[in-house]
Amino acid sequence: MLDYLRTTLHSFMNQYQAVMWRLRECSLNDEQLAAAIGVSSGVIRNRRSKPQSWKQVDIDRLAALFAMSNTASQQLTNTLVELSQQVAALPSAERRRIERTLQFKASQLSEYNGSGWTIQYLLRMHQGLSRS
């Protein structure tokens, strides 16, 4: 499961980079972009200055706006939900080993699946998996 997560995270990071490139080239101002993806213009300004604060759902919306595929993001969402369920069912020693690798506790996996993953957290997980 962790190998598949590593692969899907890598694909999503490529998608994220492509969306960020398109965003830099986009002629829409903050207000127009905010209206197009359903957030406030203040959120857009904040996330432009701190690109790791974008949420996965925002990347999906931006990909749709730019007519780009969001398959990698959908696969990552499904993988994270499955992983959360599998990790919760593991014996505690195995669960702790995976939590150390991912740099997240099982409860955080479940919480972020519900509230939305920021790029910062996905990058942290990606780095943890790359080191293992």
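Check the entry above for the structure.
Just so it is clear, the model here is predicted, and its values are computed rather than measured. (Residues numbered from 1 in each chain as written. Predicted model: local features only at pLDDT ≥ 70, side-chain atom pairs only at ≥ 80, totals over all residues. Heavy atoms only, no water.)

Caption draft 1: The arrangement of the overall build of the protein in detail. Tallying secondary structure elements over the protein gives eight helices and zero strands in all. Computed over C-alpha atoms, the radius of gyration of the protein comes to 16 Å, within 12% of the 14 Å expected from 2.2 N^0.38 for 132 residues, which places it in the range of a compact globule. Dimensions along the principal axes, computed over C-alpha positions, put the protein at roughly 50 × 25 × 20 Å. Per-residue burial over the protein gives 39% buried out of 132 residues. By sequence separation, contacts in the protein at least 24 residues apart represent 66% of the contacts at least 6 residues apart. With the model as given, the accessible surface of the protein reaches about 7100 Å², and the carbon-plus-sulfur share is 49%. Within the protein, the 10 negative side-chain charges are centred at a point lying 6 Å from the centre of the 16 positive side-chain charges. (Helix = DSSP H or I, 4+ residues; strand = E, 2+ residues; numbered from the N terminus. Rg over C-alpha atoms; globule rule 2.2 N^0.38 Å. Buried < 20%, exposed > 50% of the residue type's maximum accessible area, 1.4 Å probe, protein only. Contact = heavy atoms within 4.5 Å. Areas by Shrake-Rupley, 256 points an atom, 1.4 Å probe, with all protein chains shown as cover. Lys, Arg positive; Asp, Glu negative; His and termini not counted. Charge placed at Lys NZ, Arg CZ, Asp CG, Glu CD.)

Caption draft 2: Focus on the side chain of Ser-73. By secondary structure assignment, the location of Ser-73 is in helix H5 (residues 71–88). At 2.4 Å, the side chain of Ser-73 and the side chain of Asp-60 are in polar contact. Leaving out residues up to four positions away in the same chain, Ser-73 has contacts with Phe-12, Gln-15, Gln-56 and Asp-60. (Polar contact = N/O pair within 3.5 Å; in protein donor to acceptor, adjacent residues only side chain to side chain.)

Caption draft 3: Just the packing of helix H2 (residues 30–37) against helix H4 (residues 56–65), in detail. Relative to each other, H2 and H4 sit at 105°, their axes nearing to 9 Å. Relative to H4, the element H2 is oriented roughly perpendicular. Across the interface between the two elements, Leu-33, Ala-36 and Ile-37 from H2 touch Arg-61, Leu-62 and Leu-65 from H4. (Axes fitted to C-alpha atoms, helices over the stretch in contact; angles between N-to-C directions. Parallel < 35°, antiparallel > 145°, perpendicular 65-115°, else oblique.)

Caption draft 4: Region of interest: H2. For H2, every residue scored as buried is listed here: Asp-30, Leu-33, Ala-34 and Ile-37. Relative to the axis of H2, the buried residues are bounded by an arc of 100° and lie together on one face. Turning to H2, the residues buried within the fold contact helix H1 (2–25), helix H3 (41–49) and H4. Its side-chain oxygen placed 3.1 Å from the backbone nitrogen of Glu-31, Asn-29 serves as the N-cap of H2. (Arc of directions from axis to C-beta.)

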